[in-house]
Amino acid sequence: AMAGDLCRLTLIYPPDAEEALLSALDHAQPPLAGFTTWRAHGHGASFDNVSHAERVAGRVARGVLVIILGRARAESLLEEIKASAPIPHLMYWIEPVLAAGRLA
């Protein structure tokens, strides 16, 4: 991807969907250069299908995945995930990336 075309695709998903999501990404064509995941908590008033404990706590466990790639590839990757691993409550957003690389 050209520098001006790079974007950051962020996916927010229920932790129990992580294996299906990672499997879809592992089988993506062309193969992905790499991505990062971590655990987080979602906060807000509109949680459907959360446990009573999560509702009382006011937060819900979530996984976060970020990947830097070209804009067209981000769009096609979303379509691949939708087709191969339809995940309820999967949120995403795409942001422009001004620069990306390795320092060493």
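Above this text sits the structure in question.
Everything numeric here is computed off the predicted structure, so don't read it as measured data.

**Some words on the nonpolar core**
Step number 1: Counting 20 residues, the largest nonpolar core has Leu9, Leu11, Leu21, Leu65, Leu69 and Leu77 as its most contacted members.
Step number 2: Mapped onto this core, the elements with two or more residues apiece are strand E1 (6–13), helix H1 (18–26), strand E3 (59–70) and helix H3 (71–84).

**Observations concerning the sheet that holds strand E2 (residues 36–43)**
Step number 1: Pairing within the open sheet is antiparallel, and its four strands lie in the order E2-E3-E1-E4. With partners counted over all chains shown, the strands left at the sheet margins are E2 and strand E4 (91–96), one partner each. Averaged over all pairs of adjacent strands, the angle between strand axes in this sheet comes to 25 degrees, irrespective of strand direction.
Step number 2: Contacting E1, E3 and E4, H3 crosses the sheet at an angle of about 135 degrees to E3.

**Remarks on the side chain of Arg73**
Step number 1: Secondary-structure assignment places Arg73 in helix H3.
Step number 2: When its relative accessible area of 16% is taken as the criterion, Arg73 is described as buried.
Step number 3: In this structure the side chain of Arg73 is engaged in a polar contact, spanning 3.3 Å, whose partner is the backbone oxygen of Pro30.
Step number 4: The contact partners of Arg73, leaving out residues within four places of it in the chain, are Ala28, Gln29, Pro30, Leu32 and Glu80.

Rules used in this analysis
Residues numbered from 1 in each chain as written. Predicted model: local features only at pLDDT ≥ 70, side-chain atom pairs only at ≥ 80, totals over all residues. Heavy atoms only, no water. Core = buried A, V, L, I, M, F, W, Y, C linked by side-chain atoms within 4.5 Å. Buried < 20%, exposed > 50% of the residue type's maximum accessible area, 1.4 Å probe, protein only. Helix = DSSP H or I, 4+ residues; strand = E, 2+ residues; numbered from the N terminus. Pairing = 2+ DSSP bridges. Axes fitted to C-alpha atoms, helices over the stretch in contact; angles between N-to-C directions. Contact = heavy atoms within 4.5 Å. Polar contact = N/O pair within 3.5 Å; in protein donor to acceptor, adjacent residues only side chain to side chain.

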